[in-house]
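Descriptive structure summary
So you can see what is in the structure, the chains are spelled out below.
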Amino acid sequence: MNTLEITKDTPHSTLEEQAGTTKISGSQAVLEALLAEGVDTIFGYPGGAIMPIYDALYDYNDRLQHILVRHEQGGIHAGQGYARTSGRVGVVFATSGPGATNLVTGLADAMIDSNPIVCITGQVFAHLLGTDAFQETDVINITTPVTKWNYQVTDACEIPTALAKAFHIARTGRPGPVLIDITKNAQLQLFEYQGYAKCNHIRSYRPKPIVRRAYVEQAATLINGAKKPFVLFGQGIILGKAEAEFRAFIEKAGLPAAATVMGLSALETDHPLHVGMLGMHGNYAPNVLTNACDVLIAVGMRFDDRVTGRLDKYAKQAQVVHLDIDPAEIDKNVKAAVPVWGDCKETLPLLTELVEKREHTDWLAHFRKLEQEEIKEVITDELNPKSATLTMGEVVKLLNELTGGDAVIVTDVGQHQMVACRYAKFNQSKSNVTSGGLGTMGFGLPAAIGAWYGAPDRTVVAIIGDGGIQMTIQELGTIMQFGAKVKILILNNEFLGMVRQWQQLFHDRRYSFVNITSPDFVTVAKGYGIAGRSVSERQELKAALAEMIAHDGSYLLEVMVGKENNVFPMVPQGSSVAEIRLK
Amino acid sequence: MEKQEYTITLYTENTIGMIGRISTIFSRRKINIESLNTSPSEAEGIHRFTIVIHETEEVVRKLCRQIEKQVEVLKAYYNTNDEVIWQEQALYKVPTAVVTEKAPVERLLRQYGASAVVIRADYTVFETAGHREEIDALTDALAEYSLIEFVRSARIAIIKDSEGFHKKLKEFEEAEPAEEVVENRYLNKQDKVFTM
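Conventions we followed
Residues numbered from 1 in each chain as written. Chains lettered and ligands numbered in written order. Predicted model: local features only at pLDDT ≥ 70, side-chain atom pairs only at ≥ 80, totals over all residues. Helix = DSSP H or I, 4+ residues; strand = E, 2+ residues; numbered from the N terminus. Rg over C-alpha atoms; globule rule 2.2 N^0.38 Å. Buried ≥ 20, exposed ≤ 12 C-beta atoms within 10 Å, placed from the backbone. Contact = placed C-beta atoms within 7 Å. Nonpolar A, V, L, I, M, F, W, Y, C, P; charged D, E, K, R; others polar. Pairing = 2+ DSSP bridges. Axes fitted to C-alpha atoms, helices over the stretch in contact; angles between N-to-C directions. Expected span 1.5 Å × (residues − 1). Parallel < 35°, antiparallel > 145°, perpendicular 65-115°, else oblique. Left-handed = near helix turned anticlockwise from the far one by under 90°.

A few words on the overall build of chain A. For chain A, the helix and strand inventory stands at 23 helices and 21 strands. Its C-alpha atoms give chain A a radius of gyration of 25 Å, near enough to 25 Å, the size a compact globule of 583 residues would have. Along the longest, intermediate and shortest principal axes, the C-alpha atoms of chain A span 75 × 60 × 40 Å. Scored against the burial criterion, the 583 residues of chain A give a buried share of 57%. Counting contacts in chain A only where the partners sit at least 6 residues apart, residues at least 24 apart contribute 77% of the total.

Structure, rendered in structure tokens:
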């Protein structure tokens, strides 16, 4: 057989021409697979067991952009941020042992929030597996519960197929993280490269349930007969790229619609049928009226406990229509009268065709009336406070004014997250990047870096608390080195605010370890070569925010906000959504 | 809903680590696996898991949906005891002297249909197969007669109204699945679920 040794100078096209007669290393096969899958950016951190892949990467630097993060957790959160703003698969490299275990939080986060991620981890030589070798951990078993799929490669010949399956599984159906663990010998091994074939079918894997017309018809009948229909929408719309189909559906049938945290930005905030956010700190009207509607239509959402509150008092009066691509979600938490299994990109147009044109004017007015109550009781004070200290809400309001709602808003986890989700204005999809299901503090900064690489032409603002920023603050180094133009907005209340709020409300003000001190963030940023400023006065705020946005490059703005402000409304744990408290 | 015994039958790829992938789905929910058997199935290259748990129908149904989400699992079924033909096998090691000298022991073994597998001067190994209760009864009875060793296998079960997996496997191998692949309790029981 006519074989060709690949050298560092062999161009990519030659590899393709010679496919089938080419000997390449496992490491090169990994990078060829990434190119074939259209990958342009990798977030990673090298180490002993992944060195052959990094050696190969040296020659692919012109085609694959590698962002060296400061910690593997930062790497995978960046991959998630990238996936969320680009709609593409985020790719992450890490070495064996501690490198791989540092990915676990991000994998769990990506799993519960359905982010398409492919992680490639190095592993010790195959002959050392199970010997407690240096930097050996059983990564496959550690990550099994937090990945959609994982696989260990010990022979280079398996690499093209394993990666083709990895990308197929990560991005199809309900997306999720996939981890491929490659032993060092497989990375080094030369093998007959047969070229790369994308995977589009795995016999044991059904990414999409078949759409049953009967259900769509039943759903349409229910919706057409409803007097008080109400739509809940989740991230499924964004993942299914079905924003236009969703809008057409609710507009034709005149359906008020509320977002889950993960569904935010799938429908523009200003849409006349958008009635706010669901959940523990969501809006008053959608929570209260969940228990007043007659038909509840859930689209691409999974009835998380933070959305439903007490389940046995959740929408008991309503017939539930549930559209989801994952059959395991149907009936998991809330019983569906009609399950519409399938990709909402396909099911929504079928449904739209069958629903009758309606305008539920009186019912919608009900939402707007309750909204007025919330504005009066909560929102006015939050957005236009009379207090001496600043509120998180007024910061977000000014941000809306300055960005017009076109920015990508990345948040960390806690009070600032809920305030940002409540008040941020979104004009376009894929604009809200947050850790919804897992609630991972430390997510914000690295995810914002990834979000910027996923949408480099957009303004990316990372809203982060003083606690969360300190969990992954080392990623300022990544910004310094590679220049992601991330606007870092720290809302500093000198507390772990959400825990403090709970301690105040439910633990008799026993503030147990929620008082957290912070470094001088502006000086820290300066140390990383990042411009910054700290403000605590109302009259400086708008100019400071404007300066942050106008700055060409990354910028850190710390805003000192009221120390003991609470996020309201709130559905206390164990309460029904209708028992939402305004204060 | 009452808890009862369910037999879960899985058809899976025969890949390394499948037992671990399946078992974590149970242990994560703090559900005990009463018995677990893996073997080849009627379809070539497809593995068959038989799992017994004591749970409510709702829990078992949700578990099966989660199990089917595993990439290497083709299909998960669950059945009550009256929907399956099932057996467990047991081996007993008894001192040969006891068997020959004590008449009730021989009677017991005969009564339970146990047959000798190995007979040595010092001990005899009997085997029997049947339902859990029968095996347990024999074990209890033999305990009084110097039972040296006892082991019982996991349950194996055949689903009474199953046509086997050959046809289904063909459907799975096609890129576009046939209608029948999607089993649906709603369509089958439509009038009970959907009322307007």
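From this point, things continue past the structure.
On to the overall build of chain B, then. For chain B, the helix and strand inventory stands at eight helices and nine strands. Among the 196 residues that make up chain B, the fraction classed as buried is 26%. Relative to all contacts within chain B whose residues are 6 or more apart in sequence, the contacts with residues 24 or more apart total 73%.

What follows concerns the interface of chain A and chain B. Contact residues are listed per partner, giving 26 residues for chain A and 25 residues for chain B. The set of elements that each furnish at least two residues to the side of chain A that touches chain B consists of helix 7 (139-143), helix 10 (213-225) and strand 15 (338-341) of chain A. Take the side of chain A that touches chain B: its biggest share by element is five residues, from helix 10 of chain A. Within the side of chain A that touches chain B, the residues separate by chemical class into 15 nonpolar, seven polar and four charged.

On to the sheet that holds strand 20 (residues 531-535) of chain A, then. Sheet strands pair via backbone hydrogen bonds, and the direction of the pair is either parallel or antiparallel. Residues and elements named next belong to chain A. The strand order 17-16-18-19-21-20 describes an open sheet built from six strands, whose pairing is parallel. In this open sheet, the two edge strands, each paired with only one partner strand, are strand 17 (432-433) and strand 20. Sheet topology note: the strand 20/strand 21 (residues 555-560) ladder contains five bridges and is parallel. Within strand 21, the position partnered with Ala-531 by the bridge is Tyr-555. Helix 19 (residues 444-454) contacts strand 16 (408-411), strand 17, strand 18 (460-465) and strand 19 (486-492) of the sheet and is inclined by roughly 175 degrees relative to strand 18.

This brings us to the environment of A:Leu348. Residues and elements named next belong to chain A. Mapped onto the elements of the fold, Leu-348 is located in helix 15 (residues 344-354). Between the C-alpha atom of Leu-348 and that of Ile-237, which follows or precedes it by 111 residues, the distance is 9.8 Å. Contacts of Leu-348, omitting those with residues within four sequence positions, involve Ala-242, Glu-245, Phe-246 and Phe-249.

In this section: the pairing of strand 10 (residues 229-233) of chain A. Residue and element names in this part refer to chain A. With five of five residues buried, strand 10 lies mostly within the body of the structure. Along strand 10, one buried face is formed by Pro-229, Val-231 and Phe-233 and the opposite face, lined by Phe-230 and Leu-232, is buried too. Judged from the five bridges that link them, strand 10 and strand 13 (residues 295-299) form a sheet pairing that is parallel. Bridged to Val-231 within strand 13 is Ile-297. Taken together, the three bridges between strand 10 and strand 11 (residues 257-259) define a ladder with parallel strand orientation. Considered in strand 11, the bridge of Phe-233 is made with Ala-259.

Attention now goes to helix 4 (residues 72-86) of chain A. All names here are of chain A. Here helix 4 contains 15 residues, and its C-alpha end-to-end distance of 21 Å stays within 8% of the 21 Å for a straight helix at 1.5 Å per residue. The buried fraction of helix 4 is high, at 14 of 15 residues. Of the residues one or two after helix 4, Gly-87 is the one with positive phi, at around 75 degrees.

Attention now goes to the packing of helix 2 (residues 26-36) of chain A against helix 8 (residues 159-171) of chain A. Residues and elements named next belong to chain A. Running from N to C, helix 2 and helix 8 point in directions that differ by 30 degrees, and their axes come no closer than 9 Å. One finds that helix 2 runs roughly parallel with respect to helix 8. Considering only the axes of helix 2 and helix 8, their crossing is right-handed. In contact with Gly-26, Ala-29, Val-30 and Ala-33 of helix 2, helix 8 contributes Ile-159, Pro-160, Leu-163 and Ala-164.

Turning our attention to unusual backbone geometry. Residues and elements named next belong to chain A. Each neighbour pair has its own omega, and for Phe-568 with Pro-569 the value is 0 degrees, a cis peptide bond. Here the phi dihedral of Asp-132 falls at roughly 60 degrees; this positive angle occurs in a residue that is not glycine. Along the chain, Asp-132 turns up in the loop between strand 6 (117-123) and helix 7. Classification of Asp-132 by C-beta neighbours within 10 Å gives exposed; the count is 8. The phi angle at Arg-509 is positive, at roughly 60 degrees, despite the residue not being glycine. Looking at where Arg-509 falls in the secondary structure, it is placed in the loop between helix 21 (497-506) and helix 22 (521-527).

Here we come to the environment of A:Gln73. All names here are of chain A. Along the polypeptide, Gln-73 turns up in helix 4. What makes Gln-73 buried here is the crowd of 27 C-beta atoms within 10 Å. Residues Gln-73 and Val-104 lie 31 residues apart in sequence; the distance between their C-alpha atoms is 7.7 Å. Setting aside chain neighbours within four positions, we find Gln-73 in contact with Asn-102, Thr-105, Gly-106, Gly-442 and Thr-472.

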